[in-house]
Amino acid sequence: MKGIVFTELLEMIEQKHSYELVDQLIEQAALPSGGTYTAVGTYSADELNKLVQLYCEETNTSPSVLLADFGHHLFVVFTKSYPIFFDTCSTAFQLLESIEQTIHVNVLKLYPDAELPRFITKRLDENSLEMHYFSERRMSAFAYGLIQATLAYYNETATIQIEQLDEEGKDVRFLIIKEI
Amino acid sequence: MHGEIDLLKRRIERERKARQQAEKLLEEKSLDLYRANEELRQLNLSLEASIQERTEALLRTDRQYRSLIQNLHAGVLLEDEQRRIVLTNKIFCDLFAIPAEPEMLIGADCSQSAEQSKDLFADPEAFVLRITELLAKRQLSIREELKMADGRILERDYIPIFADKRYLGHLWRYEDITEQRVTQDLLQQSEEKYRGIIENMNLGLMEVDNNDYIQKVYPRFSRLVGYSEEELIGRKAMDVLLPDATFRDVLNEQNTNRIGGEPGVYEVPIRRKDGQIIWVIISGAPIFDGKGKVVGSVGIHLDISERKRAQEALEEARNIAEDARQAEKRFLANMSHEIRTPINGIIGMTHLLKDTWLSPVQTEYLDAISHSADLLLALVSDVLDISKIEAGEMKPTERPFNLTELLTDLTKNFRLRLRDRPLTVDCIVDPEIQQNVIGDPTFLRQILMNLLGNSAKFTERGSIRVQVTLLDRLGDFLMTEVSVTDTGIGIAPEHLETIFESFKQADRDVKMKYGGTGLGLAIVRQLVNLHGGEISVDSVLGQGTTFTFTLPLKETSVVLDANNPQPEILTLSLNNRRILIVEDNLLNQKYVQGLMTKWKADYTIANDGEEAMVYLSRKDYDLILMDLMMPRLNGFDTTVRIRNLPESNNNRDIPIIALTATAFAEEQTKARVSGMNDYLSKPFTPDQLLRLLKRYFPDEPVTIPITMPIDSASTTSNETFRFNPLLDIAQLESLYGQDYAYAHIMFDLFNSTTMREFGSVQKAIDTQDWVVLGRLLHQFRPSMSMVGLTDLANLSKQIEKLIRDGGEMDGMDTLLVDFQRLLTQKLPLVEQERERLKSVSG
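Residues numbered from 1 in each chain as written. Chains lettered and ligands numbered in written order. Predicted model: local features only at pLDDT ≥ 70, side-chain atom pairs only at ≥ 80, totals over all residues. Heavy atoms only, no water.

**Student:** Hey, could you go over the overall build of chain A for me, with residue numbers and the actual values?
**Tutor:** Regarding its fold elements, chain A presents 7 helices and 4 strands. Counting from the amino terminus, helix and strand elements in chain A follow one another as α-α-α-α-α-α-β-β-α-β-β. Considering chain A as a whole, with its 180 residues, one finds that 49% of them fall into the buried category. Residue pairs at least 24 apart in sequence account for 59% of intrachain contacts in chain A once pairs closer than 6 positions are excluded. Carbon together with sulfur atoms contributes 51% to the accessible area of chain A, which is approximately 9300 Å² in total. (Helix = DSSP H or I, 4+ residues; strand = E, 2+ residues; numbered from the N terminus. Buried < 20%, exposed > 50% of the residue type's maximum accessible area, 1.4 Å probe, protein only. Contact = heavy atoms within 4.5 Å. Areas by Shrake-Rupley, 256 points an atom, 1.4 Å probe, with all protein chains shown as cover.)

Shown next as structure tokens:
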């Protein structure tokens, strides 16, 4: 998992709470990397799961809420760091559709070892977009947050129906219907 | 406070580590980037190199093509599929009067070019139409000819260019062929002009290919053969026009020559359509294509039928004349023969009359008669000789002889005859001629006898000289020159030309004063020519004459009678020699028997070949005398058998001498071929046989003198006896000398054998059984000679020859009448002579 996910998660925790909590979680988790992350590095997904788990216990938060919040947080980071992707799209659907087609392709150019989730999109009609999420990480909640953030970025409102297609949550269908 | 510091410390520591991690990653990435960059650079370099290389190659090819096209002798225009100019050259611009450099035209649009330049052409619309058509069809089209408005002629190629099936454009090639065309036209005009001339000259022209198939026919030829052009073209000339198979070979040979590039002139009869045969003279010449290859031939035919007819008429006339000449010759020969018989009678009777008592006046008259008769006889003999020569009956036969000996003998003879005159007779033989030579001594003797006789007649004082000079030697071949020079009266220059013609003596006065037949020199020239030489004469009136002739001879190492330079005193003993005589004729048997007894030979007589073979198987012999015509086994076959005897038989390789009744050259050749060593013509004198035998027994000791010359009275006691002059005295004397006892035996034998057989001869004549007659005459002829019936023998020979030659038997009747008349006249004389001989031989 890319280091930016770790640095930004810890960043968000620090902003919401304090660096003391971050320090506490790192110390408690006794992580192989020692909790020192750089955005350009790559670390084990287990470390993220451990941190999420400890945080949710500590703050009595559900992981899906945390991950959705994290989606929002990361989206803002992306808009600042990689504005080019956002400038070329004028609607939420266009951006969502460009994840698989453009953004991930460019990510892989920089980090050939990155393990990315897959987003298969399909326009059902002018205002409905079906989006399939496949990932070993089972982080559809994080994706949900990103979708919400996207809609907000483009000042669009839409209902998002989530349908888990398997038991583990590796295959999830989002149906996004724009409100006019 | 302390807790906060620790927390900060941990945080800073984490940040530092994270930074270090990031820096490390950055370094790695940088390195990766550098490597990737480096790879890219290398790749770029090699790419650039190969691009450079390809570009250069392309440039080179491009330059080559451009240069090629610029330098072509033709105008070239290459257009792409949009009809934009890719390439053109100066000549193209010149041809179409485009005022621009070819390079400037690259990329220009050609879609309107045909329309723009159409006025350059004689037929502008056709030019445009054709271009449109070519571009639409996109099919190769070459060597189209275009006439331009200014008279030039262009040749055009249109070449569409396809890569796989994709059309990429096309190439135009235009070439100015005006000059070529003009030359070609001139050539054709000139050809046509000459053809026209030939046609007008009454010469028919026809062209055939290499297989004799007619390709082209000109009107005059059509008229000549009566076929139309359509009827001839494509047919085999020989089949249509040449009916005579024998002339096809001529034509085939000519055709072969023609293919080899050789011209030829020949005459053949050809058949017109109407069946008429006309003779033409054909002058044939090969036709070459542009590359010098023969593609056929052209024949120029001239009708020569008229000339041919004239020629045939001439030929016929010539034949008639020739026949007439032959008839004349035969007449002459017969007449001469006819005349000789009575002359012999006159001479004989004159001799007999001289023995009677005569007054001086009578003696004088008788001498005159005798002289005239002698002259007449000489004349007739010469005429006979000439006619024999002209009839081709006289051919030289080659045999070895000693030249010096022959000349010495002759000159000695003349010296004796002319001893009363203040005259020397000499002979000089080139010392280069050492050995014996091969030639015809009889011919040479006769030539020299005539020339020396001539000199003797016209030379009163001074000298007569015979000289032989060797002109040239080539291996064993000798070219000699014989001259006879005298200091006589000479010949006037105006007569030198005709001196060798028959009956042409120098002038009337000579004839009056010196007599002679006027045939001598004609005979000499004929004989010299027959012997392969040429004769000429050189003379100064009042000073003398030289006759010079060339005489080809061959040198031989055969030894004749080298030990015996004086042939008159031939001696030989056959003491120890065993000789087998194979002869069926009793008379001949007896004659040879007599000689053998004289020469003390140990002889055996076999009556035919079969008998001979029996003797040969029993005893060894030294030599065989072999008759040719014999019953049962003839001489040729016997010889072949002898030569094929087993090696153990010593008789296998002994000398065999043929005794031939005929002097026919082919029979002598046949004798040699069958394996015989030599031949002797019957009748032969003892001398002739002896000379021949000496050749085979050269080492025999000299013991007995055996010659019987007429004037050397030797063995006989009766000097008053002379043979009857009505018989051939010379022949009888040479056969028997003065041995009348021997002669008597022979006459006796003739009387008891041959004489009785004449009944069967008469019978063969009556029944016209020519085969039997020929055989009988052949058998009896030698016997006739043995008793002095030379004229009868000669007549027999003529009859025999006529039978041998077969055919019409022209003149047979006359010959047979003569024969029968002579027979009746002469047989009683033989009987008489036998009685006379009996009385003298006791």
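Alright, that's what it looks like, and here's the rest.
**Student:** Describe the pairing of strand 18 (residues 578-582) of chain B, and please don't skip the residues or the numbers.
**Tutor:** Residue and element names in this part refer to chain B. By the criterion of burial, strand 18 is predominantly enclosed, with 4 of the 5 residues buried. Two elements, strand 18 and strand 19 (residues 602-606), share 5 bridges in a ladder whose sense is parallel. Paired with Arg578 across the strands is Asp602, a residue of strand 19. At this point the chain moves from strand 18, through helix 17 (residues 586-598), to the parallel strand 19, and the crossover so formed is right-handed. The pairing of strand 18 with strand 20 (residues 623-627) spans 4 bridges and is parallel. Bridging from a neighbouring strand, Ile579 pairs with Leu623 of strand 20. (Pairing = 2+ DSSP bridges. Right-handed = clockwise from strand over helix to strand, strands pointing away.)

**Student:** Please set out empty space enclosed by the protein residue by residue, giving values where relevant.
**Tutor:** Empty space among the atoms can be located by rolling a probe the size of a water molecule over them. All names here are of chain B. Scanning the entire structure with this criterion turns up 3 cavities of 30 Å³ or more. In this structure, the largest cavity encloses a volume near 200 Å³. The wall of the largest cavity is formed by 19 residues, among which Met206, Leu251, Tyr266, Ile282 and His301 lie closest to the centre. Residue assignment for the lining of the largest cavity shows that the elements contributing at least two residues are strand 6 (204-209), helix 8 (237-241), helix 9 (245-259), strand 8 (264-271), strand 9 (277-288) and strand 10 (294-303). Among the elements that take part in the lining of the largest cavity, strand 10 stands out by supplying 4 residues, more than any other. Here the lining of the largest cavity is composed, by residue class, of 12 nonpolar, 5 polar and 2 charged. Its boundaries defined by the atoms lining it, the second largest cavity holds a volume of some 70 Å³. As for the second largest cavity, its lining consists of 11 residues, of which Asp627, Met629, Lys682, His778 and Gln779 are closest to the centre. Of the residues forming the lining of the second largest cavity, the biggest block, 3 residues, is contributed by helix 25 (residues 770-786). (1 Å grid on protein atoms, 1.4 Å probe; cavity = no way out; pocket = protein on both sides within 12 Å on 5 of 7 lines; lining within 4 Å. Points joined across faces, edges and corners; volume = space filled by probe spheres on them. Nonpolar A, V, L, I, M, F, W, Y, C, P; charged D, E, K, R; others polar.)

**Student:** Lay out the confidence of the model for chain B with the relevant residues and their values.
**Tutor:** Residues and elements named next belong to chain B. Averaged over all residues, the pLDDT of chain B is 83; the fraction at 70 or higher stands at 91%. Ranking the helices and strands of chain B by mean pLDDT puts strand 15 (residues 477-486) first, with 93, and helix 15 (residues 508-514) last, with 59. Here residues 561-570 is modelled with pLDDT under 50, and outside its nearest four sequence neighbours on either side it reaches 22 contacts, counting other chains as well. This stretch, residues 701-718, has a pLDDT under 50; its non-local contacts, to residues over four places away or in other chains, come to 32 contacts. (pLDDT = per-residue confidence, 0-100.)

**Student:** Before we move on, can you summarise the interface of chain B and chain A with the specific residues and values?
**Tutor:** Between chain B and chain A, the contact holds 10 residues from the first and 16 residues from the second. Roughly 1100 Å² of surface becomes buried between chain B and chain A when both sides are summed, with 53% attributable to carbon and sulfur atoms. Its largest share of buried area at the contact with chain A, chain B owes to Leu7, Arg11 and Arg14 of chain B, together 50% of the area lost on that side. Where chain B packs against chain A, one counts 5 salt bridges. Across the pair Arg14 of chain B and Asp23 of chain A runs a salt bridge, and its minimum N-O distance is 2.6 Å. Run the count over chain B and chain A and you get 8 residue pairs in polar contact (both at pLDDT 80 or more). (Buried area = accessible area lost by both parts, 1.4 Å probe. Salt bridge = Lys/Arg side-chain N within 4 Å of Asp/Glu carboxyl O. Polar contact = N/O pair within 3.5 Å; in protein donor to acceptor, adjacent residues only side chain to side chain.)

**Student:** Can you tell me about the environment of Leu353 of chain B, naming the residues and giving the values?
**Tutor:** Residues and elements named next belong to chain B. The residue Leu353 is located in helix 10 (residues 305-354) in this model. Taking the C-alpha atoms as reference, Leu353 lies 8.3 Å from Leu366; in sequence the two are 13 residues apart. Other than its neighbours up to four places away in sequence, Leu353 contacts Leu358 and Leu366.

**Student:** Mind laying out the pattern of salt bridges, listing which residues take part and the relevant values?
**Tutor:** Residue and element names in this part refer to chain B. This model, assessed by the stated rule, comprises 55 salt bridges over all chains. Arg641 is paired through a salt bridge with Glu610; the nearest N and O atoms lie 3.9 Å apart. With a gap of 31 residues between them, Arg641 in helix 19 (residues 635-643) and Glu610 in helix 18 (residues 609-618) connect regions that are remote in the sequence. The class of Glu610 is partly exposed, set by a relative accessible area of 29%. Here the salt bridges do not stand alone but share partners, grouping Arg130, Glu133, Lys137, Glu144 and Arg156 into one network.

**Student:** Hey, could you go over the packing of helix 2 (residues 19-29) of chain A against helix 1 (residues 2-71) of chain B for me, with residue numbers and the actual values?
**Tutor:** Packing of helix 2 of chain A against helix 1 of chain B leaves a shortest axis separation of 11 Å and a crossing angle of 70°. For the element pair helix 2 of chain A / helix 1 of chain B, the angle class is roughly perpendicular. Relative to helix 1 of chain B, helix 2 of chain A is oriented so that their crossing is left-handed. Facing helix 2 of chain A, whose interface residues are Tyr19, Glu20, Asp23, Ile26 and Glu27 of chain A, helix 1 of chain B presents Leu7, Arg10, Arg11 and Arg14 of chain B. The residue inventory of the contact of helix 2 of chain A with helix 1 of chain B, partitioned by class, reads 3 nonpolar, no polar and 6 charged. (Axes fitted to C-alpha atoms, helices over the stretch in contact; angles between N-to-C directions. Parallel < 35°, antiparallel > 145°, perpendicular 65-115°, else oblique. Left-handed = near helix turned anticlockwise from the far one by under 90°.)

**Student:** Can you tell me about the layout of surface pockets, naming the residues and giving the values?
**Tutor:** All names here are of chain A. The calculated volume of the second largest pocket comes to roughly 1000 Å³. Lining of the second largest pocket is provided by 38 residues; of these, Leu74, Phe78, His104, Val107 and Leu116 occupy positions nearest its centre. Listed by contribution, the elements that provide at least two residues to the lining of the second largest pocket are helix 1 (3-16), helix 4 (63-81), helix 5 (83-87), helix 6 (92-110), strand 2 (128-134) and helix 7 (140-153). Tallying contributions element by element places helix 6 first for the lining of the second largest pocket, with 8 residues. Residue composition of the lining of the second largest pocket, by class: 29 nonpolar, 5 polar and 4 charged.

**Student:** I'd like a rundown of the sheet that holds strand 21 (residues 656-660) of chain B, residues and numbers included.
**Tutor:** All names here are of chain B. As summarised here, the arrangement of the 5 strands in space is 19-18-20-21-22, forming an open sheet in which the pairing is parallel. In this open sheet, the two strands that pair with only one neighbour each are strand 19 and strand 22 (678-681). Here the average twist between neighbouring strands, direction ignored, is 20°. Judged from the 4 bridges that link them, strand 21 and strand 22 form a sheet pairing that is parallel.

**Student:** Describe helix 7 of chain A, with residues and values.
**Tutor:** Residues and elements named next belong to chain A. Taking 1.5 Å as the rise per residue, helix 7 with 14 residues should run 20 Å; its terminal C-alpha atoms sit 20 Å apart, in good agreement. Taken across its 14 residues, helix 7 has 10 buried, putting it largely inside the fold. Those residues of helix 7 not exposed but buried are Ser140, Ala141, Phe142, Ala143, Gly145, Leu146, Ile147, Ala149, Thr150 and Leu151. Each element contacted by the buried residues of helix 7 is listed here: helix 4, helix 6, strand 1 (118-125), strand 2, strand 3 (158-164) and strand 4 (171-178). (Expected span 1.5 Å × (residues − 1).)

**Student:** Please give an account of the nonpolar core that cites residues and values.
**Tutor:** A general feature of soluble globular proteins is that nonpolar side chains tend to end up buried together. Ranked by size, the top nonpolar core spans 65 residues in total, and within it Met596, Leu625, Tyr736 and Leu773 of chain B carry the most contacts. Considering every element that reaches this core, the biggest residue donor is helix 27 (residues 812-841) of chain B, with 10 residues. What Met596 of chain B contacts, discounting residues up to four positions off in sequence, is Leu574, Ile579, Ile581, Ala601, Tyr603, Leu625, Leu689 and Leu693 of chain B. Among the nonpolar cores identified, the runner-up in size contains 58 residues, and Met12, Leu25, Phe93 and Ile160 of chain A belong to it. (Core = buried A, V, L, I, M, F, W, Y, C linked by side-chain atoms within 4.5 Å.)

**Student:** Outline the sheet that holds strand 3 (residues 141-147) of chain B, supporting the account with residue identities and numerical values.
**Tutor:** Hydrogen bonds between backbone groups are what pair the strands of a sheet, and the pairing can be parallel or antiparallel. Residues and elements named next belong to chain B. Spatially, the 5 strands line up as an open sheet ordered 2-1-5-4-3, and their pairing is antiparallel. Edge positions in the sheet fall to strand 2 (85-88) and strand 3, since each has one partner strand and no second. The average undirected angle you get between the axes of adjacent strands in this sheet is 20°. Pairing between strand 1 (residues 75-80) and strand 2: 3 bridges, direction antiparallel. Bridge assignment links Leu77 to a residue of strand 2, and that residue is Thr88.

**Student:** Quick rundown of the side chain of Asp80 of chain B? Include the residues and the values.
**Tutor:** Residues and elements named next belong to chain B. Examined against the element boundaries, Asp80 turns out to sit in strand 1. With relative accessibility at 14%, the residue Asp80 sits in the buried group. Of the polar contacts made by the side chain of Asp80, one reaches the backbone nitrogen of Gln82; its length is 2.9 Å. Every residue in contact with Asp80, bar those within four places of it in the chain, is listed here: Val86, Leu168 and Gly169.

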